[in-house]
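Secondary and tertiary structure notes
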Amino acid sequence: MEFSEFKFHQRVAAGVDAAGYTTPTPIQAEAIPAVMAGGDVLGLAQTGTGKTAAFALPILHRLMEGKRGFVRALVIAPTRELAEQIHTSICALGKQTRLRSVTVYGGVGVNPQVEKLRRGAEIVVACPGRLLDHLGQGTIDLSRLEVLVLDEADQMFDMGFFPDIRRILKQLPAERQNLLFSATMPDEIRHLAHEVLRDPVTVQVGNTAPPVTVSHALYPVEQHLKTPLLLELLQHTDTESVLVFTRTKHRAKRLGEQLEKAGYRAASLQGNLSQNRRQAALDGFRNGTFQILVATDIAARGIDVSQVSHVINYDIPDTVEAYVHRIGRTGRAARSGDAFTLVTGEDAAMVRSIERTLKQSLERRRLEGFDYAVPAPKKNTEFARPPRPPRSSPAGRTAGPAAGRGARTAAAPAPPAAKGPAGQGRPAGGRPGPTAGPGRPRNGRSGRGR
Ligand code: AMP
């Protein structure tokens with residue numbers, strides 16, 4: 001199939017050419033005709049499938065006809081990062097259309113948003129909380145809305161946004177086209193879809209399948225050897241940019257520090273960071289300043305790091321869906337990527353679930369030359385909770401945590417000898433810079449969209 005078959009307005013087709021897209025991805029091939037037909041669409045697709053263009057292109061095409069200066073399309077997304085990415089895609093694909101897109105999310109000043117809205121925009125990409133604020137203040141007029149997109153609905157549910165979404169829905173014109181995208185379809189999303197969509201066409205692509213371009217491998221290892229194994233893996237693998245997932249934000253922070261200490265250009269992304277530091281970590285990862293980004297699932301939500309060469313699960317995720325989501329960050333749209341998962345004996349049941357769902361058995365690998373026999377440190381294993389003080393000793397109660405902190409350094413890995421650390425693994429100058437457009441948030445709080 002060719003993009004020309006969609007018969008987009010020529011200024012939209014020019015955007016497709018400029019983006020370098022030649023063949024529509026499966027979700028685009030299915031969703032674009034359905035959206036262009038004007039009806040409601042339920043899209044079951046994960047990040048990395050090309051779903052943004054699947055709704056952005058038909059919207060741009062539609063908006064080429066009709067009046068300008070009113071908000072006619074609204075995209076609601078769970079995180080500011082995703083909102084920025086969608087906005088950036090719309091700006092890139094719609095460069096020749098002269099249609100205007102504005103982002104609306106919290107954690108940044110409200111006045112620039114008010115000013116941009118006042119000047120006029122046809123498309124608004126928003127997070128729910130701040131959008132409600134604008135509606136409350138009367139600084140946004142959605143009375144002429146024609147198309148509503150709810151993107152990553154499952155994540156919006158996870159983040160507790162559904163009450164806000166329902167409040168927003170009440171303030172929209174009843175006559176409109178609705179598009180709802182979600183990677184998964186638990187009951188709550190089904191209910192919302194039922195409330196919002198009228199006779200929807202359902203398009204489903206690879207709901208529980210990661211991109212085919214990703215190769216997976218499991219590295220069985222004992223818990224206390226995870227960090228040394230990770231360092232060894234990094235040394236032995238030609239990694240361009242690595243996204244490492246940990247189960248908790250504490251582990252993300254600590255592992256980021258350990259990698260830095262070992263000489264890698266690494267940063268960690270966890271919920272406790274200020275918006276400035278979070279942005280610096282993200283920007284640094286995108287432009288190649290950091291080769292490694294360590295993150296939790298929540299912190300990494302919605303990040304588009306389309307050039308990630310490796311995803312490493314330092315900790316296996318809690319659900320198969322989270323596994324697919326994480327892995328979806330590498331091997332995006334025809335690029336190939338690798339996904340490594342460090343697994344301990346405790347992860348056996350989760351590994352079985354993943355293999356059952358993906359209908360493939362994952363390769364178990366052993367790293368040649370790595371000493372798997374090193375015993376666990378006696379006093380404390382890395383990240384282990386400090387031992388509980390005996391109940392009878394009140395003094396012991398305060399001693400616990402301090403003992404835990406001191407002992408943690410015992411498991412610190414040795415720095416790598418040869419390949420890998422700062423300056424290696426990427427040609428001078430790093431990857432091409434971010435393609436992100438204007439309006440990236442520079443300050444404010446991290447977290448939800450309000
Ligand atoms: P998304 O799932 O929308 O986050 O898109 C994932 C990545 O695929 C983005 O970097 C897009 O620019 C890219 N992409 C989307 N559609 C295509 C296409 N038809 N051909 C090549 N790359 C694409």
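Because the structure is predicted, anything quoted here is derived from the model rather than measured.

Parameters and conventions
- Within each chain, residues carry numbers counting from 1 in the order of the written sequence.
- Where local features are concerned, this predicted model is filtered to residues with pLDDT of at least 70; where side-chain atom pairs are given and counted, the filter is 80 or more; whole-chain, interface and lining totals use all residues.
- Remark: hydrogens and water are excluded; side-chain values derive from all non-hydrogen atoms of the structure.
- Helix and strand assignments follow DSSP, with helices taken as H or I runs no shorter than four residues and strands as E runs no shorter than two, numbered in order from the N terminus.
- Exposure classes here rest on a 1.4 Å probe applied to the protein chains alone. A residue is buried below 20% of its type maximum, exposed above 50%, and partly exposed in between.
- Contact definition: two residues touch when any of their heavy atoms are within 4.5 Å.
- For every accessible area listed, the method is Shrake-Rupley and the probe measures 1.4 Å; residues are considered covered only by the protein chains on display.
- Here a residue counts as near a molecule or strand whenever at least one of its heavy atoms sits within 4 Å of it.
- Pairs of N or O atoms within 3.5 Å make up the polar contacts considered here, provided that, within protein, one atom can donate a hydrogen while the other can accept it, and that residues adjacent in sequence are counted only when both atoms are side-chain atoms.
- In this classification, Asp, Glu, Lys and Arg are treated as charged, Ala, Val, Leu, Ile, Met, Phe, Trp, Tyr, Cys and Pro as nonpolar, and every other residue, Gly included, as polar.
- Bear in mind that the domain bounds are from an automatic or database domain assignment.
- Every angle, taken between N-to-C directions, lies between 0 and 180 degrees, and every axis is a line fitted to C-alpha atoms, over only the stretch in contact when it is a helix.
- Angle categories: roughly parallel below 35 degrees, roughly antiparallel above 145, roughly perpendicular from 65 to 115, and oblique for all the rest.
- We define a nonpolar core as any set of buried Ala, Val, Leu, Ile, Met, Phe, Trp, Tyr and Cys residues linked to one another through side-chain atoms lying within 4.5 Å.
- UniProt positions are given in the numbering used here, feature names are shortened, and annotations may be inferred rather than shown by experiment.
- Pairing between two strands is assigned when DSSP locates at least 2 bridges connecting them.

**Notes on the overall build of the protein chain**
- Along the backbone of the protein chain there are 15 helices and 14 strands.
- The 450 residues of the protein chain split such that 54% are buried.
- Restricting to contacts in the protein chain with at least 6 residues of sequence separation, those with at least 24 account for 78%.
- Carbon together with sulfur atoms contributes 51% to the accessible area of the protein chain, which is approximately 20,400 Å² in total.

**Observations concerning the site of the ligand**
- Near the ligand you find 15 residues, and of these Tyr21, Gln28, Gly48, Gly50 and Thr52 are the closest.
- Interatomic distance of 3.4 Å between a backbone N/O atom of Lys51 and an oxygen atom of the ligand.
- Separating an oxygen atom of the ligand from a side-chain N or O atom of Thr52 is a distance of 2.6 Å.
- In isolation the ligand exposes 500 Å². Once the protein is present, 81% of that is buried.
- Across the shell around the ligand, the residue classes tally to four nonpolar, nine polar and two charged.
- Composition of the shell around the ligand by domain shows at least three residues from each of domain 1 (3–204) and domain 2 (214–364).

**Things to note about the packing of helix α8 (residues 162–170) against helix α9 (residues 187–196)**
- Contact geometry for α8 and α9: axes closest at 12 Å, N-to-C directions at 0°. Compared by their axis directions, α8 and α9 come out roughly parallel. Contacts between α8 and α9 involve Phe162, Arg166 and Leu169 from the first element and Glu188, Ile189, Leu192, Glu195 and Val196 from the second.
- Among the residues forming the contact of α8 with α9, the class breakdown is five nonpolar, no polar and three charged.

**What about the nonpolar core?**
- The biggest cluster of nonpolar side chains holds 41 residues, and the ones touching the most others in it are Phe8, Phe55, Leu57, Ile86, Val149 and Leu179.
- Counting residues per element, the ones that place at least two in this core are α1 (10–19), α2 (26–36), α3 (51–63), β2 (73–76), α4 (80–93), β4 (123–126), β5 (147–150) and β6 (177–182).
- By residue number, the principal contributor to this core is α3, which donates eight residues.
- In this view, Leu179 contacts Val35, Gly39, Val41, Phe55, Val147, Leu148, Val149, Leu150 and Leu197; residues no more than four positions away in its chain are not counted.
- Within the second largest apolar cluster, 35 residues are counted, among which are Leu117, Met159, Met185 and Ile189.

**Some points on the UniProt feature "short sequence motif: Q motif" (unreviewed entry) in the protein chain**
- UniProt tags residues 1–29 as "short sequence motif: Q motif" (unreviewed entry).
- Secondary structure over residues 1–29 splits into 48% helix and 0% strand, and the C-alpha atoms at its two ends are 8 Å apart.

**Re the pairing of strand β1 (residues 41–44)**
- Burial along β1 is two-sided: Val41 and Gly43 facing one way and Leu42 and Leu44 facing the other are all buried.
- Of the strand pairs in this sheet, β1 and β6 are connected by four bridges, and their pairing is parallel. Residue pairing for β6: Leu44 is matched across the bridge by Ser182.

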